[in-house]
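Letter by letter, the chains look like this.
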Amino acid sequence: MASVLPPPDQYAALAPRPDGPVWRAFNDTRMLSTAGYALLLQVAHPTVGQGVHEYSSFTKDPWGRLLRTLDYVHGTIYGGPEMAGEIGRRVRAMHRGIRGTKADGSRYSAMEPDAFAWVHATLALGVVEGHRRFACEMTLADKQAFWEEWLGVGRLIGVRERDLPQDWAGFERYAARVIAEDLQWTPAIPEVVATIADNAPPGLPGPVRAGWRVAASPMALHLRVSMVGMLAPELRDRLRLPFSARDEAVLRATSALMRAADPVWRGPLRQFGPRYVRWRREALRRGDVAGGQVAVEQPVAA
């Protein structure tokens with residue numbers, strides 16, 4: 001069977017280019033607020049949700065799982081073509097053994113093309129919606145340019161050209177159809193939401209852990225209301241996720257505050273990705289992102 005992964009000589013053409021549309025879109029730290037939203041969209045897909053429920057370390061090691069997700073996204077975007085290609089290969093290999101039976105008795109596999117494509121698509125939905133809510137809304141031309149480059153990133157993990165629409169308008173129709181017809185409650189949804197509430201990293205002594213909870217509570221509240229509040233109301237109801245008027249007020253207030261901060265959101269706040277990759281370089285080299293060793297000598301772009 002022919003591989004869906006591109007050969008190494010195509011990595012440079014498919015990886016995001018420095019200061020290109022994908023590079024810029026993910027580089028803003030305000031986009032970290034969208035991580036929970038994208039994750040809920042992912043685990044509401046029946047195949048993805050069942051796989052996360054049965055195989056993921058999310059509930060046992062949420063901080064480690066979070067870092068590995070950030071490693072995947074930022075290593076692929078800011079680590080250079082060789083790192084992007086190697087991460088894609090490792091991620092693909094890691095998912096080959098994820099298979100089982102869903103609640104309705106049907107079989108599933110993480111290698112299903114529509115599941116792989118949907119996970120990749122949710123990251124685009126998250127960052128575009130994140131710019132609208134928390135920063136500056138992208139123009140239609142910006143969205144199209146971003147999407148064209150993001151399709152190339154998808155090729156690095158085996159998302160084929162035919163698996164996703166080639167233009168932004170088509171992508172919006174595709175996403176609306178998946179959300180309306182395919183997404184449903186899965187056992188992974190309450191697990192993800194509950195994990196957000198336990199916001200202290202593991203291994204801290206009791207007094208330090210208590211102090212962390214006090215300091216982290218406002219951030220945890222923002223992450224919780226963002227992850228649920230960014231969903232359309234009808235999808236929230238289908239996924240059994242309550243969202244109160246107080247939650248809505250908090251989300252509106254934090255969104256307005258973050259948008260108002262745009263003129264002063266500079267420096268590291270807008271150059272997060274390369275700094276993150278430098279910080280996590282050793283983990284990326286070891287292959288923590290995909291459970292193996294990622295032996296890459298490509299220098300991180302500045």
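Residues numbered from 1 in each chain as written. Predicted model: local features only at pLDDT ≥ 70, side-chain atom pairs only at ≥ 80, totals over all residues. Heavy atoms only, no water.

Enquirer: How would you summarise the overall build of the chain if you had to cite specific residues and measurements?
Expert: Secondary structure assignment for the chain yields 15 helices and two strands. A buried classification covers 50% of the 302 residues belonging to the chain. Carbon and sulfur atoms make up 59% of the accessible area of the chain, which totals about 14,400 Å². (Helix = DSSP H or I, 4+ residues; strand = E, 2+ residues; numbered from the N terminus. Buried < 20%, exposed > 50% of the residue type's maximum accessible area, 1.4 Å probe, protein only. Areas by Shrake-Rupley, 256 points an atom, 1.4 Å probe, with all protein chains shown as cover.)

Enquirer: How would you explain the nonpolar core if you had to name every residue and give the values?
Expert: Core analysis: the biggest nonpolar cluster contains 62 residues, and Phe26, Leu40, Trp118, Phe146, Trp150, Phe171 and Tyr174 have the highest contact counts within it. Broken down by element, the residue count for this core peaks at ten residues, all from helix 7 (residues 113–134). Here tryptophan 150 is in contact with Val22, Phe26, Ile77, His120, Leu123 and Ala124, once residues within four sequence places are set aside. (Core = buried A, V, L, I, M, F, W, Y, C linked by side-chain atoms within 4.5 Å. Contact = heavy atoms within 4.5 Å.)

Enquirer: How would you explain the side chain of glutamine 42 if you had to name every residue and give the values?
Expert: When you line up the elements, glutamine 42 lands in helix 3 (residues 35–43). Excluding residues within four positions of it along the chain, glutamine 42 makes contact with Val48, Gly49, Trp118, Val119, Thr122 and Leu123.

Enquirer: Got a sec to walk through the environment of leucine 284? Specific residues and values, please.
Expert: Along the chain, leucine 284 falls in helix 15 (residues 281–286). The buried category is assigned to leucine 284, whose relative accessible area is 1%. Separated by 212 residues in the primary sequence, leucine 284 and tyrosine 72 have C-alpha atoms spaced 8.6 Å apart.

Enquirer: Before we move on, can you summarise unusual backbone geometry with the specific residues and values?
Expert: Its identity is not glycine, yet aspartate 19 carries a phi of approximately 65 degrees, on the positive side. Its place among the elements puts aspartate 19 in the loop between helix 1 (11–14) and helix 2 (21–27).

Enquirer: Please give an account of the packing of aromatic side chains that cites residues and values.
Expert: Under the counting rule described, the total for this entry stands at eleven aromatic pairs. When the ring of phenylalanine 146 is compared with that of tryptophan 150, the centres are 6.1 Å apart and the planes differ by 10 degrees; the resulting orientation is stacked. Of the two residues, phenylalanine 146 and tryptophan 150 both sit in helix 8 (residues 140–155), four residues apart, roughly one turn of that helix. Each member of the pair, phenylalanine 146 as well as tryptophan 150, is classed as buried. Clustering of aromatic rings is evident, with ring pairs tying together Trp118, Trp147, Trp168, Phe171 and Tyr174. Between arginine 240 and the ring centre of tryptophan 185, over which it is positioned, the NZ or CZ distance is 4.3 Å. Taking the ring centre of tryptophan 279 as reference, the NZ or CZ of arginine 280 above it sits at 5.9 Å. (Phe/Tyr/Trp six-rings, centres within 6.5 Å; stacked < 30°, edge-to-face > 60°. Lys NZ or Arg CZ within 6 Å of the ring centre and 35° of its normal.)

Enquirer: Requested: an account of the pattern of salt bridges, with residues and values cited.
Expert: Tallied over the entire structure, the rule returns 16 salt bridges. The closest approach of N and O atoms between aspartate 28 and arginine 30, which form a salt bridge, is 2.7 Å. The class of aspartate 28 is buried, set by a relative accessible area of 4%. Linking arginine 89 and glutamate 86 is a salt bridge whose minimum nitrogen-to-oxygen distance equals 2.6 Å. Highlighted residues: arginine 89 and glutamate 86, both in helix 6 (residues 81–95), separated by three residues, approximately one helical turn. Under the relative-accessibility criterion, arginine 89 is labelled partly exposed at 37%. The class of glutamate 86 is buried, set by a relative accessible area of 15%. Look at the salt bridges and you will find they share partners, linking Asp28, Arg30, Asp262 and Arg270 into a network. (Salt bridge = Lys/Arg side-chain N within 4 Å of Asp/Glu carboxyl O.)

Enquirer: Tell me about the side chain of arginine 92, and name the residues and values.
Expert: When you line up the elements, arginine 92 lands in helix 6. One polar contact links the side chain of arginine 92 to the main-chain carbonyl oxygen of isoleucine 157, over a distance of 3.1 Å. When neighbours within four sequence positions are excluded, arginine 92 is seen to be in contact with Val4, Leu5, Met111, Phe116, Ile157 and Gly158. (Polar contact = N/O pair within 3.5 Å; in protein donor to acceptor, adjacent residues only side chain to side chain.)

Enquirer: How would you summarise the confidence of the model for the chain if you had to cite specific residues and measurements?
Expert: Mean pLDDT over the chain stands at 87; residues scoring 70 or higher make up 85%. Model confidence for the chain, summarised as mean pLDDT per element, is weakest for helix 11 (residues 206–229) at 72 and strongest for helix 9 (residues 168–181) at 98. In the predicted structure, residues 290–302 sits below a pLDDT of 50 and forms 43 contacts with residues beyond four places in sequence or in another chain. (pLDDT = per-residue confidence, 0-100.)

Enquirer: Give me the environment of tryptophan 168: which residues, what numbers.
Expert: Mapped onto the elements, tryptophan 168 comes out in helix 9. On the basis of relative accessible area, tryptophan 168 is assigned to the buried category, the value being 4%. With 20 residues separating them in the primary sequence, tryptophan 168 and glutamate 148 have C-alpha atoms 8.2 Å apart. Ignoring sequence-local partners within four residues, the contact set of tryptophan 168 consists of Val128, Leu140, Lys143, Gln144 and Trp147.

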